[in-house]
Amino acid sequence: MANNFTACVIGRVIVGFAHGISTMIAPVYIGELSPKEFRGLFISFSSVGINLGMPVGFTLATAMSTVPNHSRWMFIIIAILSFIVAVLMYTLVPNSPRDLIFHGHDKEARVVIQILSFSKALSDEEVTMEVNSLSKAIRSEQLPKFSDLFTAGNRRALTVACTLQIAKQLSGFTALQFFSVYLFKIIGLTKGHISQLPTIMLGLVQFISAVASLGIIDFMGRRKLLLMSTLAMAAGLIVLGGSFVMITGFDQINKAQCSEYSRCGSCLLDTACGWAAKANVCMSQKLSALGLPALADSCQLHTARDHIGSWMAVASLIIALGAMSLGLGSIPWVIQAEMFSQSLRSKAGGVASICNWLLSFVSTVSFLQLAFVVTLPGIFWLYAGLLLATVASVYWTIPETAGRALEDIAEGVGSEAQHGSKMAVIVTKWRNQHRDENECKDALQVN
């Protein structure tokens with residue numbers, strides 16, 4: 001319905017507010033409903049939905065691009081679908097047993113537990129045992145305050161949740177998604193009305209990877225899958241940086257004259273310039289507006305170097321974003337929904353979601369500025385370096401949560417926080433060993 005910029009912003013703020021809440025609530029809610037053996041699989045379904053929505057959105061935009069007021073029609077279609085989903089959720093989706101017990105509705109919790117038994121009908125005795133077990137764990141907790149998140153028992157879990165969300169955004173995957181059309185123009189694989197096609201294909205790769213993660217996240221474990229996929233994404237970004245060395249070189253995007261750019265890729269990065277394909281030179285957009293040679297909307301592949309660089313870029317993008325969907329794309333949401341007690345789970349999820357979306361904003365707005373300063377190859381290598389640091393952080397600080405009850409995970413993380421992380425334990429052992437060696441040497445010298 002918007003007819004001016006202000007109305008567009010208001011609508012976008014409402015959508016963003018709702019999306020931010022949903023990304024925090026969905027993993028928590030699904031985690032509370034799921035059996036521990038398949039909790040990772042079910043929580044990952046929300047990431048599968050997001051990864052399916054992206055190529056569907058790009059496909060819809062491409063299909064409707066010739067329809068008058070196509071943006072308005074797209075929003076109408078999405079609004080209708082969202083309303084249908086909301087009605088189905090309101091009528092069919094129950095509160096989680098843990099939430100019902102937390103608020104004193106034990107009878108309703110019994111009904112939900114019976115509904116969610118899936119493979120077999122539970123006897124009244126089994127349902128009673130489940131309710132009593134949850135009730136004992138939940139009611140042993142004190143009424144939560146926000147400051148409880150920062151106590152010794154919860155601080156480590158909150159640090160892990162926020163670190164994973166920050167690492168996901170510092171990997172550059174949001175920028176790769178948002179600027180994928182732009183990057184494909186530089187690579188030279190888009191033209192005219194099919195400019196969205198490579199982005200659609202990339203979205204399908206992410207969707208397939210997210211679906212693949214469903215089958216292995218509980219079998220392989222969160223920690224191992226996260227380590228392997230993060231290493232694969234770092235390798236993909238290293239190769240991607242090398243491919244852009246062939247496409248754009250190490251040109252910094254700060255030339256005084258457009259004619260100083262010798263390659264199409266670096267020319268198109270400068271928004272004041274455009275590439276005159278017939279003349280094979282970079283020229284100012286102002287000159288094109290005066291009726292001089294038309295400027296190409298994407299680069300063309302001429303030399304063997306261009307072809308090799310372009311296809312290396314495509315392959316490495318597929319590897320990087322596919323690996324992202326396997327690991328950092330979904331596992332942070334899974335882990336943050338598992339590591340906290342019932343009373344703090346939503347608050348912790350909210351803080352972690354804030355970290356996620358704040359860093360998403362920073363990553364998106366800083367991408368082009370960083371590319372101008374450190375060049376495109378440099379920014380992809382920077383992202384790869386940050387991912388390698390993430391691998392070390394995951395190895396030393398993140399516990400495995402697959403196959404464990406939510407209450408056991410929260411208790412275990414709190415206990416580990418009291419005794420220190422794996423790195424702290426190793427450092428303590430090394431110090432004790434070093435101290436014992438020194439004491440032995442002193443004793444020998446005395447003798």
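One can find the structure itself at the top, above this paragraph.
What counts as what
- Residues numbered from 1 in each chain as written.
- Predicted model: local features only at pLDDT ≥ 70, side-chain atom pairs only at ≥ 80, totals over all residues.
- Heavy atoms only, no water.
- Core = buried A, V, L, I, M, F, W, Y, C linked by side-chain atoms within 4.5 Å.
- Buried < 20%, exposed > 50% of the residue type's maximum accessible area, 1.4 Å probe, protein only.
- Helix = DSSP H or I, 4+ residues; strand = E, 2+ residues; numbered from the N terminus.
- Disulfide = S-S within 2.5 Å.

Draft legend 1. Structural view of the nonpolar core. Leu-237, Phe-244, Phe-367, Leu-376 and Phe-380 are the most contacted members of the largest nonpolar core, which totals 70 residues. Counting eleven residues, the second-largest nonpolar core is a separate cluster that includes Ala-109, Val-112, Ile-113 and Val-131.

Draft legend 2. Up close: unusual backbone geometry. Unusually for a residue other than glycine, Asn-69 sits at a positive phi of about 55 degrees. Examined against the element boundaries, Asn-69 turns out to sit in the loop between α2 (39-63) and α3 (70-92). Given the relative accessible area of 53%, Asn-69 is considered exposed. Look at Thr-375: it is not a glycine, yet its phi comes out positive at around 75 degrees. With respect to the element layout, Thr-375 can be found in helix α16 (residues 345-397). A residue is classified by how much of its surface remains accessible, and Thr-375, at 4% relative accessible area, is buried.

Draft legend 3. Region of interest: the state of the cysteines. For the structure shown, the criterion picks out one disulfide. One disulfide bridge connects Cys-258 with Cys-273, the sulfur atoms lying 2.0 Å from each other. Looking along the S-S bond of the Cys-258-Cys-273 disulfide, the torsion reads about -80 degrees, which is the left-handed sense. Placement of Cys-258 in the loop between α11 (222-247) and α12 (264-269) and of Cys-273 in strand β1 (residues 273-276) is noted, with a sequence separation of 15 residues between them. One exposure class covers both Cys-258 and Cys-273, and it is buried. A disulfide-free cysteine, Cys-162 has its sulfur positioned 3.2 Å from the sulfur of Cys-355, the nearest such atom. The exposure class assigned to Cys-162 is buried, which follows from its relative accessible area of 10%.

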